Amino acid sequence: KVKILYKNKSKYNNDAFNYACLDSSYEVVTWLCQFKLELYKDTLLNLIQDSNLEIIIILKNYKKIQINDSIFELSCSYDFNISLWLYEMGIKDIDLRNNNALLNALLHNKQDIVEWLLEKGDDIEKNDDYIFKDLSKEKKLYLVKQLCKMNERYKYAILNNEVVPMIKSKDIYYIEN
């Protein structure tokens, strides 16, 4: 069906390409990759959400997508295997220093990704404990409690329906311990 649409030089060629990607039509996607077709952002998002690593690899190999920090950060919201593959690709644009990947994993309750990112060197204390403060401000109490379990310096209080972060200074914490 997709090949017929393309051969007819239909104005829907990009639609046909994106449909083939979402339908996991490996042979059709590979065939269509030789043409100048555009992958829609929504299609890439759906591929990541659906854990469709095989199609993502085909698209990467045919240079239909460029792997960068934002795609990695997005993948950390949804799928461990895609996140791992992107990281292992060794793409120089992937940066764990800004905490966005970790924050996305936390917000989407991806505990396996959270643990993996922390093993890879991401740090919940970076950027002046930004993640803890941000999740407190957003009233994400479940995640605030999770971070408190991960870091003994973190405590919180509930005041006037607000989650107030309480962070012990590193100096005091190290002296006490």
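Residues numbered from 1 in each chain as written. Predicted model: local features only at pLDDT ≥ 70, side-chain atom pairs only at ≥ 80, totals over all residues. Heavy atoms only, no water.

## Details of the packing of aromatic side chains
For step 1, the next point in the chain: The full count for this structure, using the stated rule, is 7 aromatic pairs.
For step 2, the next point in the chain: Here Y87 and W116 contribute two aromatic rings whose centre-to-centre distance is 5.4 Å and whose plane-to-plane angle is 85°, an arrangement assigned as edge-to-face. One end of the pair, Y87, is in helix α7 (residues 80–88); the other, W116, is in helix α9 (residues 111–119), and 29 residues separate them in sequence.
For step 3, the next point in the chain: We classify Y87 as partly exposed; its relative accessible area is 26%.
For step 4, the next point in the chain: Residue class for W116 comes out buried when judged on its relative accessible area of 7%.
For step 5, the next point in the chain: Aromatic pair F132 and Y154: ring centres 4.1 Å apart, planes at 10°, arrangement stacked. (Phe/Tyr/Trp six-rings, centres within 6.5 Å; stacked < 30°, edge-to-face > 60°. Helix = DSSP H or I, 4+ residues; strand = E, 2+ residues; numbered from the N terminus. Buried < 20%, exposed > 50% of the residue type's maximum accessible area, 1.4 Å probe, protein only.)

## Things to note about the pairing of strand β2 (residues 162–167)
For step 1, the next point in the chain: Pairing analysis gives 6 bridges linking strand β1 (residues 154–159) to β2, with the strands arranged antiparallel. Looking across to β2, one finds that I158 is bridged to V163.
For step 2, the next point in the chain: Hairpin connection, β1 to β2: the antiparallel pair is bridged by 2 residues, and N160 has positive phi, about 50°. (Pairing = 2+ DSSP bridges.)

## Let's talk about α9
For step 1, the next point in the chain: Of all the positions in α9, only I113, V114, W116 and L117 are classed as buried. When α9 is viewed along its axis, its buried side chains cluster within an angular range of 170° and face the same direction.
For step 2, the next point in the chain: Of the surrounding elements, those touching the buried residues of α9 are α6 (69–75), α7, α8 (100–107) and α11 (141–150).
For step 3, the next point in the chain: Immediately downstream of α9, the backbone of G121 shows phi near 115°, a positive value. (Arc of directions from axis to C-beta. Contact = heavy atoms within 4.5 Å.)

## Some remarks on helix α5 (residues 53–61)
For step 1, the next point in the chain: Within α5, the full set of buried residues consists of L53, I55, I56, I58 and L59.
For step 2, the next point in the chain: Looking at the buried positions of α5, the neighbouring elements they touch are α2 (13–22), α3 (26–32), α4 (41–49) and α7.

## Things to note about unusual backbone geometry
For step 1, the next point in the chain: A positive phi is found at S24, a non-glycine position, where the angle reads about 55°.
For step 2, the next point in the chain: Take S24: it is sitting in the loop between α2 and α3.
For step 3, the next point in the chain: For S24, a relative accessible area of 25% translates into the label partly exposed.
For step 4, the next point in the chain: For D129, which is not glycine, the phi dihedral falls at a positive 60°.
For step 5, the next point in the chain: Examined against the element boundaries, D129 turns out to sit in helix α10 (residues 126–137).

## Description of the nonpolar core
For step 1, the next point in the chain: The biggest cluster of nonpolar side chains holds 44 residues, and the ones touching the most others in it are F17, V29, L59 and L117.
For step 2, the next point in the chain: With residues near it in sequence (within four places) discarded, L59 still touches F17, C21, V29, C33, L39, L47, K64 and I65. (Core = buried A, V, L, I, M, F, W, Y, C linked by side-chain atoms within 4.5 Å.)

## Brief notes about the pattern of salt bridges
As a working rule, side chains carrying opposite charge can pair if their charged atoms are close by.
For step 1, the next point in the chain: One pass over the full model with this rule turns up 6 salt bridges.
For step 2, the next point in the chain: Across the salt bridge formed by E125 and R153, the nearest N and O atoms sit 2.9 Å from each other. With E125 in the loop between α9 and α10 and R153 in the loop between α11 and β1, the pair connects residues that are 28 residues apart, well separated along the chain. Across the pair, exposure class does not vary: E125 and R153 are buried alike.
For step 3, the next point in the chain: A single salt-bridge network, built from bridges that share partners, covers E125, D129, R153 and K170. (Salt bridge = Lys/Arg side-chain N within 4 Å of Asp/Glu carboxyl O.)

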